[in-house]
Amino acid sequence: MTRGCELPMESYRLAHYSVQVECYVCGGGNTIDAELCRHCQAPMALAHQASSQKVQPGLVAVLGTTGAGKTVYLGMLMDMLSRRNDGLQALVRGAFSVNLQQITTAALANGEFPTKTPNEPDRWNWVHAQLNSPELRRPMELIIPDMAGEAVMEEIDHARTFPVIRSFIAKTAGIVILVDAIRLQHGGHEQDHFTTKLLTFLSEMESDKASQTSRRKKQQTRPIALVLTKADQCANCFEDPEGFAKTYAAGTWRHCQERFDEVKIFAAGVAGACAYRFGLGDQRRRIPLRVEPRGIVEPFDWLLSRISGNKKGSSRLTLKT
Amino acid sequence: MDCSKRKWPLLCVGFLNIAVVIVGLGIGSLALVALGALGSCYALGVCYRRRGPKRRKRASARREPVVHSLPMASAPKQAVPQDDKEGLVHDLLTQGRYALLLRPQIIDNLDAALKRRTIEELDDEMALVPAGEVVLEPVSQQTDDTTWEGEEGETPQGRVVYLEPVLLDRHPITNAQYQRFVDGGGYEEMSIWDEDIWGAMLDFVDETGYPGPRYWRNGKHARDKAEHPVTGVSWYEAVAYARWSGKRLPTDAEWTKAGCWPVAMSPGNWQQRRYPWGESLEADRANLWDAGIGDTVPIDKFEDGLSVGGLQQMIGNVWEWTSTAYGSPDDASLALPMPMKSLRGGAFDTYFENQATCHFQSGDNPLSRKHNIGFRLALGVCDLAPEAAHLVYGSAENEPLPVAAEA
């Protein structure tokens, strides 16, 4: 005697996997249940959020050498924007977006700086936030990853080493470049060389895009905020960031003058004073003696005003100040 | 033509010469015309020479650039030097240097009225922190006491320090108070500055190169910040001001005791406040980052943040220099880039709550002149003349701290 029963067909489940979900960063196809893009390791949650909330988040890149302060800058920025009651405010989307500010504030409150960001893209922290400001006509959605400085340098020197970086930068609406002001002031040219390399990379990317779209409307220049970090440890950096950059980063300054229209130089700092602590194996690490953020929000505020201005289709904005 | 001096005679000469010219033209006499013209030129020349210096002075005044574009505080009227004692005392009191008058060597020269006036000034400006113990670097309450192996002077709670009674300023030193120091020649009085720092004093200038705090201009503070705490002063400038006014910087222990007001619950066990007003941070009690102001405020704001002893703004507004070196000599893992001095209290841009408590210690280079560092001063009761100390501290010296009643 036979009895009837209902069993799900395996082929029905396979149907789900036949529908590809495009990665929001590189556009590569992925299965619906993929956590990270198999092409660029960007979190697939970004694509799911974009489709479910019917938004098109803009991308902002925060770049800089190892130890320039990207993690601290981005973590403090998101924490400050989340706690503000007026002006520019941020509302994070997704639990993964809180990781960066949690790691950063926990370390700083404990009298330490966060550890170095790993080079592997699948271990980076991504932030997806909705930004509101009285100056913005409507809320702006942004995605900002905390990328490792070494990985960025590797991609510039050897293309396709980290495809996510190139794909991401190609799509960014604005860029924040962090430069360690202390190392500049001490005479190290590494910061200047890295920033010049990065600016060259960006300008060539812009030229490639412009040449591809030469028959169509020319794309506007992306705004770039050049932020001198750890400025609280450098005399006169806050008072005159442009003068500081002109003095200690002449190559970068000249490059900005000649290749970019939308560049502005800022100074930022988080620690009021620093010291060193010896850990295991006599490794010396830098520690903040107190946390007093300064100049963190201003570069981002400026960048957003330029991005929103570009989105409105206004003519190319005036030269950098 | 308007000549300031001898106006009428010159006018008459001028008209006469014009008349001669007209007559000469009428009768066709070239000699008369020439004579009249020469006379007129002479009169004009005399008048111009008299007017010229004034015109040149006005022109040069127009060429001079306007230097003061910001509203600056006006210089206080300089006291007319007086030989009498009362005048000198008045000057010292006006400058806020009453502590000098209460020294044993000086007080006997004051009559009863001046003594009373000076004591009143002291009572208005300073508050007493009584003698007793304070626990520095308190450990967490979750520490397992059974594993504690402390040294002498330490308890499971932290390092205990006994203090003599001391007076502390009720509020940080303001721009107006510091202005008196600058106007009184404080930066030129080398005896109040450490000799080691004489070379660095060339850097103790304001934005326009005048001696003074870093963010002043032309030796003056901004007019709208008279009652704000003075900032942009190094530790050495704070010490010099203290010496000039007859006081000193508080030690870390004195500052902490004034803020957290320890109460001995039982022998060896103290309860100390996390904040001057209690245990929880409330945004309306202190000017920190959360207050959203982003700058210093006048010293009479945030009255709800008063300490038990009557000190204002112990937390927030500006960090305060103390006389103690930063860091513990027992902490071998800490390496400072240079010897640092201790800072206490937090400032308007302090971001984390745990860095704005009475127990948190920060530090900085003593030469730093930052936008959020100020100071307040202390005066040991032992430095006062006995009769002044008696009036300040009462009849009993070294009164014990109040002990909580046993349950």
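Our subject is the structure listed above.
Reading guide: rules and limits
Residues numbered from 1 in each chain as written. Chains lettered and ligands numbered in written order. Predicted model: local features only at pLDDT ≥ 70, side-chain atom pairs only at ≥ 80, totals over all residues. Heavy atoms only, no water. Helix = DSSP H or I, 4+ residues; strand = E, 2+ residues; numbered from the N terminus. Buried < 20%, exposed > 50% of the residue type's maximum accessible area, 1.4 Å probe, protein only. Contact = heavy atoms within 4.5 Å. Areas by Shrake-Rupley, 256 points an atom, 1.4 Å probe, with all protein chains shown as cover. Pairing = 2+ DSSP bridges. Polar contact = N/O pair within 3.5 Å; in protein donor to acceptor, adjacent residues only side chain to side chain. Buried area = accessible area lost by both parts, 1.4 Å probe. Salt bridge = Lys/Arg side-chain N within 4 Å of Asp/Glu carboxyl O.

1. Brief notes about the overall build of chain A
Stage number 1. If you tally the helices and strands in chain A, you get 11 helices and 13 strands.
Stage number 2. Split into buried and exposed, the 321 residues of chain A put 50% on the buried side.
Stage number 3. If you take every contact in chain A between residues at least 6 apart in sequence, the share linking residues at least 24 apart comes to 69%.
Stage number 4. When the accessible surface of chain A is summed, it comes to about 15800 Å², and 50% of that surface belongs to carbon and sulfur atoms.

2. Digging into the sheet that holds strand 10 (residues 341-344) of chain B
All names here are of chain B.
Stage number 1. Within the open sheet, the four strands sit side by side as 11-10-8-12. Their pairing is mixed. Strands at the two margins of the open sheet, each flanked by one partner only, are strand 11 (361-364) and strand 12 (373-374).
Stage number 2. When strand 8 (residues 319-325) meets strand 12, the two strands line up parallel, connected through two bridges. Counted as the bridge partner of Trp319 is Ile373 from strand 12.

3. Overview of the side chain of Arg376 of chain B
Residue and element names in this part refer to chain B.
Stage number 1. Relative to the elements of secondary structure, Arg376 occurs in the loop between strand 12 and strand 13 (378-380).
Stage number 2. By relative accessible area, Arg376 is classed as buried at 0%.
Stage number 3. In terms of polar contacts, Arg376 uses its side chain to reach the backbone carbonyl oxygen of Gln312, at 2.7 Å.
Stage number 4. In this structure the side chain of Arg376 is engaged in a polar contact, spanning 3.2 Å, whose partner is the backbone oxygen of Gln313.

4. Quick word on the interface of chain A and chain B
Stage number 1. The partner chain B presents 28 residues to the 25 residues of chain A that form the contact.
Stage number 2. A combined buried area of about 2100 Å² lies between chain A and chain B, and 48% of that area is made up of carbon and sulfur atoms.
Stage number 3. Interface area lost by chain A to chain B is led by Arg83, Leu289 and Arg290 of chain A, which between them contribute 29%.
Stage number 4. The tally of links between chain A and chain B comes to four salt bridges.
Stage number 5. The partner of Asp331 of chain B in a salt bridge is Arg277 of chain A, with the nearest N and O atoms 3.2 Å apart.
Stage number 6. For the pair chain A and chain B, the interface holds 20 residue pairs in polar contact (both at pLDDT 80 or more).

Just distances and angles here, no functional claims.
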